[in-house]
Amino acid sequence: MSSLIHPSAVIHPKAELGADVQIGPFSVIGEHVRIGDGSVIGPHVVIEGHTTLGRSNRVWQFASLGSIPQDLKFHGEPSTLEIGDGNQIREYVTMNPGTEGGGMVTRVGDNNLFMVHVHIAHDCIVGSRNVFANLATLAGHVTIEDDVVLGGISGVHQFTRVGTGAMLGGGALVTMDVPPFCIANGDRAKLFGLNVVRLKRIGGTPDEMRALKDAYRIAFNRGLKMKDAVEEIRRTLGGSRFVDPFVDFLEKSERGVTRPGNAEEGEAAEA
């Protein structure tokens, strides 16, 4: 099927549109933009810069993709915004390309939901199947892995990582790395146990979940230095499907890891 473009839309002649792309009224598509097959761009959307969207994305009205970073160090370098397939990008979402100081690319994976007023800043790396609730905001250079839920009005500090399967509560302000499968909440967020519901949904067995709970307790409830905790977890619990990414994340954290508010919060929590 051919593309369906409203006559009021402004499409640069060098923009590349795939098959069956729809562009709504009054939208603006820039010179270096590429939009994959089957994507639907609503009315009053602006897509500019060196921005690529994959297949079957849907972008709602008033979203802005690819405008220059909100970073005073940006000097007009031809950095990129790369968006994968099957994403839902709701009203007033903003996403900025990368910068020379951060790898020159902002990258978004597949099948994410970005609710109203979400902001993805320069040089962020976002995985797949994540849910960003209304007004969730990433500062520059943030990494969000896969299957993460970010609650409404949550914010993530620059250079911070959030691991696979984690959940940030509404209003959480995250300043340190959040390990995989953990729940974090609060101003200067703390951990509140494990995202047990998520673990069950992806088929975690009782033994796998018990091993991860034991790893969590070793890491946070025994007063060990993180290096020593990592060594003990690998020695006693290594090889488990959930423990391995958890301990790898702890070991590789450069910013430091979010901790529980107190020992009681080391237990698994429902989410």
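Our structure's up above, just so we're on the same page.
Residues numbered from 1 in each chain as written. Predicted model: local features only at pLDDT ≥ 70, side-chain atom pairs only at ≥ 80, totals over all residues. Heavy atoms only, no water.

A. Here's a closer look at the side chain of Ser27. Mapping Ser27 onto the fold places it in the loop between β4 (22-23) and β5 (28-29). A distance of 3.2 Å separates the side chain of Ser27 from the backbone nitrogen of His44, its partner in a polar contact. If we skip the residues at most four places from it in the chain, Ser27 touches Ala9, Val10, Ile41, Gly42, Pro43, His44 and Val45. (Helix = DSSP H or I, 4+ residues; strand = E, 2+ residues; numbered from the N terminus. Polar contact = N/O pair within 3.5 Å; in protein donor to acceptor, adjacent residues only side chain to side chain. Contact = heavy atoms within 4.5 Å.)

B. Spotlight on the sheet that holds strand β12 (residues 80-83). One open sheet holds the eight strands; their spatial order is β3-β6-β9-β12-β15-β18-β21-β24, and the pairing between them is parallel. Strands with a single pairing partner mark the edges of an open sheet, and in this sheet they are β3 (16-17) and β24 (161-162). Relative to strand β18 (residues 125-126), strand β15 (residues 105-108) is paired through two bridges, and the arrangement is parallel. Among the inter-strand pairings, Val108 is bridged to a residue of β18, identified as Val126. (Pairing = 2+ DSSP bridges.)

C. Spatial organisation of the packing of helix α2 (residues 206-220) against helix α4 (residues 243-252). With their axes 9 Å apart at the nearest point, α2 and α4 run at an angle of 20 degrees to one another. Relative to α4, the element α2 is oriented roughly parallel. As α2 runs across α4, the sense of the crossing is right-handed. Here α2 contributes Ala211, Leu212, Ala215, Tyr216, Ala219 and Phe220 to the contact with α4, which in turn contributes Val243, Phe246 and Leu250. (Axes fitted to C-alpha atoms, helices over the stretch in contact; angles between N-to-C directions. Parallel < 35°, antiparallel > 145°, perpendicular 65-115°, else oblique. Left-handed = near helix turned anticlockwise from the far one by under 90°.)

D. Region of the structure containing the layout of surface pockets. A volume near 160 Å³ is recorded for the largest pocket. Looking at the largest pocket, it is lined by 12 residues, and the ones nearest its centre are Asp147, Val149, Asn195, Arg198 and Arg201. The greatest single-element share of the lining of the largest pocket, amounting to three residues, is contributed by helix α1 (residues 196-201). Residue classes in the lining of the largest pocket are distributed as six nonpolar, two polar and four charged. (1 Å grid on protein atoms, 1.4 Å probe; cavity = no way out; pocket = protein on both sides within 12 Å on 5 of 7 lines; lining within 4 Å. Points joined across faces, edges and corners; volume = space filled by probe spheres on them. Nonpolar A, V, L, I, M, F, W, Y, C, P; charged D, E, K, R; others polar.)

E. A look at the side chain of Asn195. If you trace the backbone, Asn195 turns up in the loop between β28 (190-194) and α1. Reaching out from Asn195, the side chain makes a polar contact with the backbone oxygen of Gly165 at a distance of 3.2 Å.

F. Spatial organisation of the packing of α2 against helix α3 (residues 226-237). One way to put it is that α2 packs onto α3 with a least axis distance of 8 Å and a crossing angle of 155 degrees. In terms of orientation, α2 and α3 fall into the roughly antiparallel class. Judged by the twist between their axes, the crossing of α2 over α3 is right-handed. Facing α2, whose interface residues are Ala211, Asp214, Ala215, Ile218, Ala219 and Phe220, α3 presents Met226, Ala229, Glu232, Ile233, Thr236 and Leu237. Classifying every residue of the contact of α2 with α3 by side-chain character gives nine nonpolar, one polar and two charged.

G. Representation of the sheet that holds strand β8 (residues 46-47) in the model. Here nine strands make up an open sheet; going across it, the order is β2-β5-β8-β11-β14-β17-β20-β23-β26 and the pairing parallel. The open sheet has two free edges, formed respectively by β2 (10-11) and β26 (173-174), since each of these has just one partner strand. With two bridges connecting them, strand β17 (residues 119-120) and strand β20 (residues 137-138) associate as parallel partners. Along β20, the bridge assignment pairs His119 with Thr137.

H. Spatial organisation of the nonpolar core. The biggest cluster of nonpolar side chains holds 67 residues, and the ones touching the most others in it are Met95, Phe114, Phe132, Leu138, Ile233 and Phe246. Put simply, the parts of the chain that give this core at least two residues each are β12, β27 (182-185), β28, α1, α2, α3 and α4. Each residue touching Ile233, except ones within four places of it in the same chain, is listed here: Ala215, Ile218, Ala219, Gly238, Val243, Phe246, Val247 and Leu250. (Core = buried A, V, L, I, M, F, W, Y, C linked by side-chain atoms within 4.5 Å. Buried < 20%, exposed > 50% of the residue type's maximum accessible area, 1.4 Å probe, protein only.)

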